[in-house]
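# Observations on chain architecture
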4 protein chains.
Amino acid sequence: MHLAVIGLGRMGANIARRLMRGGHTVVGFDRNPPLIEAIAGEGAIAASSLEDVAAKLASPRIFWLMLPAGQATEDTIQTLTGFAEPGDIIIDGGNSFYKDDIRRAKELQQKSLHYVDVGTSGGVWGRERGYCMMIGGDKATVALLDPIFSTLSPGLGTIPRTPARLEQEGEDPRAEQGYIHAGPAGAGHFVKMVHNGIEYGLMQAYAEGFDILKGRASDRLPEDERFELNLTDIAEVWRRGSVISSWLLDLTAAALAKDQMLSPFSGRVSDSGEGQWTVDAAMEEAVPINVLSAALFARYRSRVEHTFADQVLSAMRFGFGGHVEMPQ
Amino acid sequence: MHLAVIGLGRMGANIARRLMRGGHTVVGFDRNPPLIEAIAGEGAIAASSLEDVAAKLASPRIFWLMLPAGQATEDTIQTLTGFAEPGDIIIDGGNSFYKDDIRRAKELQQKSLHYVDVGTSGGVWGRERGYCMMIGGDKATVALLDPIFSTLSPGLGTIPRTPARLEQEGEDPRAEQGYIHAGPAGAGHFVKMVHNGIEYGLMQAYAEGFDILKGRASDRLPEDERFELNLTDIAEVWRRGSVISSWLLDLTAAALAKDQMLSPFSGRVSDSGEGQWTVDAAMEEAVPINVLSAALFARYRSRVEHTFADQVLSAMRFGFGGHVEMPQ
Amino acid sequence: MHLAVIGLGRMGANIARRLMRGGHTVVGFDRNPPLIEAIAGEGAIAASSLEDVAAKLASPRIFWLMLPAGQATEDTIQTLTGFAEPGDIIIDGGNSFYKDDIRRAKELQQKSLHYVDVGTSGGVWGRERGYCMMIGGDKATVALLDPIFSTLSPGLGTIPRTPARLEQEGEDPRAEQGYIHAGPAGAGHFVKMVHNGIEYGLMQAYAEGFDILKGRASDRLPEDERFELNLTDIAEVWRRGSVISSWLLDLTAAALAKDQMLSPFSGRVSDSGEGQWTVDAAMEEAVPINVLSAALFARYRSRVEHTFADQVLSAMRFGFGGHVEMPQ
Amino acid sequence: MHLAVIGLGRMGANIARRLMRGGHTVVGFDRNPPLIEAIAGEGAIAASSLEDVAAKLASPRIFWLMLPAGQATEDTIQTLTGFAEPGDIIIDGGNSFYKDDIRRAKELQQKSLHYVDVGTSGGVWGRERGYCMMIGGDKATVALLDPIFSTLSPGLGTIPRTPARLEQEGEDPRAEQGYIHAGPAGAGHFVKMVHNGIEYGLMQAYAEGFDILKGRASDRLPEDERFELNLTDIAEVWRRGSVISSWLLDLTAAALAKDQMLSPFSGRVSDSGEGQWTVDAAMEEAVPINVLSAALFARYRSRVEHTFADQVLSAMRFGFGGHVEMPQ
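Structure report, in brief. (Residues numbered from 1 in each chain as written. Chains lettered and ligands numbered in written order. Predicted model: local features only at pLDDT ≥ 70, side-chain atom pairs only at ≥ 80, totals over all residues. Heavy atoms only, no water.)

### Remarks on the nonpolar core
The test is simple: In this description, a nonpolar core means a group of buried Ala, Val, Leu, Ile, Met, Phe, Trp, Tyr and Cys residues linked to one another through side-chain atoms lying within 4.5 Å. Relative accessibility thresholds used throughout: buried, under 20% of the residue-type maximum; exposed, over 50%; partly exposed, between the two (1.4 Å probe, protein chains only). Contact definition: two residues touch when any of their heavy atoms are within 4.5 Å.
Residues Phe210 and Trp238 of chain A, Phe210 and Trp238 of chain B, Trp238 of chain C together with Phe210 and Trp238 of chain D are the most contacted members of the largest nonpolar core, which totals 253 residues. With near-sequence residues (within four places) excluded, Phe210 of chain A lies in contact with Leu231, Ala235, Trp238, Leu249, Thr252 and Leu256 of chain A together with Phe308 and Val312 of chain B.

This is the structure in structure tokens:
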């Protein structure tokens, strides 16, 4: 198919590459001209502006946006809406908030434009492994775009098939290829958002476990209950036949194998919004999520040395017990 | 009554003073001679050793220990057990672990000695306000010691009486005086331990609330959703007619009135063991306690700038997304 | 002063009564005519409609709304805005979301109307104890309304004064009377929201503590570590000289004194929105709040017998270990 | 090698089978004679008692215990210690508490016996996939037993090797085969315990995520923010190229593919002790673990309809606000 990829940062460029490798024709654009040149050097058609992008595509035009969520995405959609003709399709492949998708789809529908939101997982590895995609939009449009999704997806690969799927008929075969049509506009990013919420929880579970392992060497423990554990080997062994093997564990094992102390990393952890939105979504549904929220809060906490809350505790303890603070 | 107070630190000395003011005769001892002299100067009988303490009391001898939980208390009980005569009473007024009380009571019983554990709340304010006491031990011994507990307790004071207690008969009148016989040995410290577990939870709830109030001035927020709140006045107003008024809030209001930034306090918060024991007790009972455990963990977290868990998170994020850490 | 109270449910009626007792003239209105009659019987001026309310007040007219947050409040403000004349004042004394306040104040300002938000704590006890009030709005309007706030507030009462306030000059004296001008529109409800978030945390801390005390009688525990604790007496004794005394504990003691098993209460706990908004506000500020969120989630959890999450856990455990579920 | 497997339940029998398939000679014993007959039918040597087990092995005798942690394991070790001769080896392959291992190793050492603790992951799948093993004990004994561990382990298999391990020399090659010598006695079960603690956290993270996805269909949500999501396809798609792919997700996908409502599972989730011990270990080290503890508490909570804590909350809410509980 012919489509534009707008936003040629690491993710956008990799998506363009995987699409071209799969035989699609890509028109590339970015605010930053060198990125356009780079992708043009790999076979894409360079566009010099959003207008130029539109001019270089035939109807129905397909615009795949791979931009930072928020203002950049919003503005670009506004601009494209100006040029777009009925039937054109805007795909937001970034990490937009699902309520923005719902709103945009309604706005675009009034101009007979189609809006599709694609939550994309796979990080920097997706170019090789393929991208796991969670798609929201109307059925016909998503079906029309199937060759694109099929190219970007990882496919069956070497991952063993889920037994019950083999026995049953009528399952959507796309899930096994690594992409799903999750529902109407917004559903794709909603599922991706929960995916990221889970990711935060999984990461924090591993992180706390390794923290306990490392803390076991503390000389405040009784001598015979103290262990100097080899975290590198532990991460490695858990990859092999254990219940907690996972891709995140693979990454942890790789990092520990390079440096068991993880000394390149200070531990200030940012978050990308999806964790917060996941907590919001859960609260709207009155679903208790102590693990997912604790994982998010651990990230907030990692970014300050002391909270004001800590100071309030110290002040109270001084007030009722004359307790002075622990020395550094 | 005549009794010994062993351990004349701040808490022990204040207890001795309140007892003497109530007409009791106190024999005082401490490892640290100047503390003995000090309390002798206020009317106590000085003892020069634990043997001397025993010699200066008549049967049944009453030893009130006010020592750090753990080895100090354990050793002193061992030593006293050597001198003690059948019918003598050892009271542990410190913060011992309730399972230690259970064990000690059994050991002492074999020598016809009585063991009483007293969980004591009131901090540095107890000398004036009186001490809230939670007592474990056998019924007859606790009854025998009633004049001591009655003197130390705050009494009815100005605190309004609980309506349903006025209407009912058969309630234990001691609770309204500020002390209870909670059950057999260990029950006193068990109730005190849960008291402290709750205390951690309450403190953290206030602390988080004030953290949110303070954080509202952040210039990362949209300008019209940003407030410069006066935390001193907020703490004060909540003391007056609000649902969350409490003694801990009074202390917070006092600290904020002195310095709204709480700048004397860095926020490294220690914990005294009871929080951990409370979590243990809850796990033995399979009782879910997300708030009490989170309050304890917040204290642990306050004592390190970054956890190894934080570093593990950063390493994973770099692994799957090439994310670099946030700058300081 | 002359003012209208719109919404004569329990809270609204009590506020009207306290105002009249303080010498103010109250015009009363409610969608439900018998409530108007009732308050008229106690000395208020009955109004038959919002228009009639407006007609019965002199300029600048003061409308105190005491309505459920959300649509009821929103609609009434819309209607009043129709009649209102420059300088009129609309007070929202309910539990509105602070961002609604910010929006409304802007809208009303364009018509030269004043908007004041008042977060009110005190529950059903406020009529007697007075209401703790957190007020948002412009300085001049809040100053104009001072006689009203002064009447509704609890005043200094018998609550001991915070020491540092006595020594310092320049503190806002209103805080000690039980009301504060927290900041511009929205600030009142923001502070009240955090108040309720804290309230959830405090309540859950006590609740978990009592759960541990009750669980100690479990026959799954070793016999000598099992205690049959008298929760009624424990709650009572903690009211007296302990660090965790509070008004919420007073209420708990009162409930336990009536029925130690709390058998009238099944334990389905609702929440009023503020807990969720507090978590949202904290996330906007990146403030970690494990205790306040856990308190909210405990309420969600109390409302379902099993979550789908529980079922997912069971399904996994069956998958990897052949574990069957525990019998009921 | 020749060794005994004591305890022929599902795990023990599968271990015996995998060992025999690997060329080892197994003496089998269980309290339950039919289990002995069954394994004898598959090639093991039947033993009629622990004495008989000892008689059927040559020095140094190797006893692999695969019994429930606690009394069963403790008693069997006591009995074996009676017969054992210097140099004999007792392996505890169950889920013992690591502090029991430390104590036992000391006791056995006084009789010149060797104690090895093996934490084993792999569940019912281990017979085919091999077992991930974490081993504690003295170096020479663990080295002596290497042929056994090598047979039981999964080996390199098809799992991609960790890049940094390929480049570095001096790494312990056993980790890549799926077993490690973690440290002295107790270290094996310690690492396995943390493994299970992490497992709880991972499981709860997925569980909460799916709970949010399912809850999105709630009719209390605004209609256009409501999605009917296909959980089966979502679990499947996340297995393919996503950051959160894992073996636990594979199991979840398999369970959902069979029944999207997971209706065979009510959601009462038990726990096996390791979760609790992990929290204990973290507290001993003062490591904050909000995720791992929340995962454990979610299991406790799943086992009761309402906690007493819930009732306490309801009682307070009634006390301060006259709030009645939500209807069922």
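### Some points on the sheet that holds strand S4 (residues 62-65) of chain C
All names here are of chain C. Just so we agree on the cut-off: Pairing between strands is defined by DSSP: at least two bridges between the two strands are required. Secondary structure elements follow DSSP: runs of H or I of four or more residues count as helices, runs of E of two or more count as strands, with numbering from the N terminus. In this description, a line fitted to the C-alpha atoms serves as the axis of each element, helices being fitted only across the stretch in contact, and the angle between N-to-C directions of two axes falls anywhere from 0 to 180 degrees.
If you walk across this open sheet you meet the 8 strands as S3-S2-S1-S4-S5-S6-S7-S8, and the pairing is mixed. With partners counted over all chains shown, the strands left at the sheet margins are strand S3 (45-46) and strand S8 (179-183), one partner each. Both S4 and strand S5 (residues 89-92) contribute to a ladder of 4 bridges, which runs parallel. Within S5, the position partnered with Phe63 by the bridge is Ile90. Running over the sheet, helix H4 (residues 71-83) touches strand S1 (2-6), S4, S5 and strand S6 (114-121) and is turned about 170° from S4.

### Examining the relation of the copies chain B and chain D
Our working rule: Our superposition of the copies is a least-squares fit, built on the C-alpha atoms of residues whose pLDDT is at least 70 in both.
When chain B is fitted to chain D, the best match, at an RMSD of 0.0 Å, comes from turning it 180° and sliding it 0.0 Å along the axis. Taken together, the rotation angle and the small translation identify this as a two-fold axis. A symmetric contact is evident, with 100% of the interface residues of chain B recurring at the interface of chain D.

### Focus on the relation of the copies chain D and chain A
With an RMSD of 0.0 Å, chain D superimposes on chain A once it is rotated by 180° and translated 0.0 Å along the axis. Both copies present the same face, since 100% of the interface residues in chain D are matched by interface residues at the equivalent positions in chain A.

### Some points on the packing of aromatic side chains
Two descriptors summarise a pair of aromatic rings, namely the distance from one centre to the other and the angle between the planes of the rings. The condition is simple: Centres within 6.5 Å are what make two rings of Phe, Tyr or Trp a pair, Trp counting through its six-membered ring; a difference in plane orientation under 30 degrees is then read as stacked, over 60 as edge-to-face, and the rest as tilted. Definition used: whenever NZ (Lys) or CZ (Arg) falls within 6 Å of the ring centre and also within 35 degrees of the ring normal, the charge is taken to sit over that ring.
The tally for this structure, following the rule as stated, stands at 44 aromatic pairs over all chains. Relative to Tyr300 of chain D, the ring of Phe297 of chain D has its centre 6.0 Å away and its plane inclined at 35°; by these criteria the two rings are tilted. Pair noted here: Phe297 of chain D and Tyr300 of chain D are both in helix H15 (residues 290-302), with a separation of 3 residues, about one helical turn. Accessibility assignment for this pair places Phe297 of chain D and Tyr300 of chain D in one class, buried. The lysine or arginine in question, Arg129 of chain B, covers the ring of Trp247 of chain B, its NZ or CZ lying 3.9 Å from the ring centre.

### Observations regarding the pattern of salt bridges
Selection criterion: Salt bridge criterion: a side-chain nitrogen from Lys or Arg within 4 Å of a carboxyl oxygen from Asp or Glu.
Applying the stated criterion across every chain, the model contains 97 salt bridges over all chains. The salt bridge involving Arg104 of chain D is made with Glu74 of chain D; its shortest N-O contact spans 2.8 Å. Linking Arg104 of chain D in helix H5 (residues 98-109) with Glu74 of chain D in helix H4 (residues 71-83), this pair joins segments that are 30 residues apart in sequence. The residues Arg104 of chain D and Glu74 of chain D share a single accessibility class, namely buried. The residue Asp250 of chain D makes a salt bridge to Arg239 of chain D at a minimum N-O spacing of 2.8 Å. With a gap of 11 residues between them, Asp250 of chain D in helix H13 (residues 247-258) and Arg239 of chain D in the loop between helix H12 (231-238) and H13 connect regions that are remote in the sequence. Sharing partners across several salt bridges, the network here consists of Glu74, Asp92, Asp100, Asp101, Arg103, Arg104 and Glu107 of chain A.

### Some points on helix H13 (residues 247-258) of chain B
Heads up, the rule is: Expected helix span is computed as 1.5 Å times (number of residues minus one). Counted as a polar contact is a pair of N or O atoms within 3.5 Å, where, for protein atoms, one must be capable of donating a hydrogen and the other of accepting one, and residues adjacent in sequence contribute only when both atoms are in side chains.
For H13 of chain B, with 12 residues, the first-to-last C-alpha span of 17 Å sits near the 16 Å given by 1.5 Å per residue. The element H13 of chain B is extensively covered by neighbouring structure, given that 9 of its 12 residues are classed as buried. Turning to H13 of chain B, its buried residues are Trp247, Leu248, Leu249, Leu251, Thr252, Ala253, Ala255, Leu256 and Ala257 of chain B. Looking at the packing, one finds that the buried side of H13 of chain B touches helix H16 (308-321) of chain A, helix H6 (126-129), helix H11 (187-215) and helix H12 (231-238) of chain B together with helix H9 (163-167) of chain C. The backbone nitrogen of Leu248 of chain B has a side-chain oxygen 3.3 Å away, supplied by the residue at the start of H13 of chain B, namely Ser246 of chain B.

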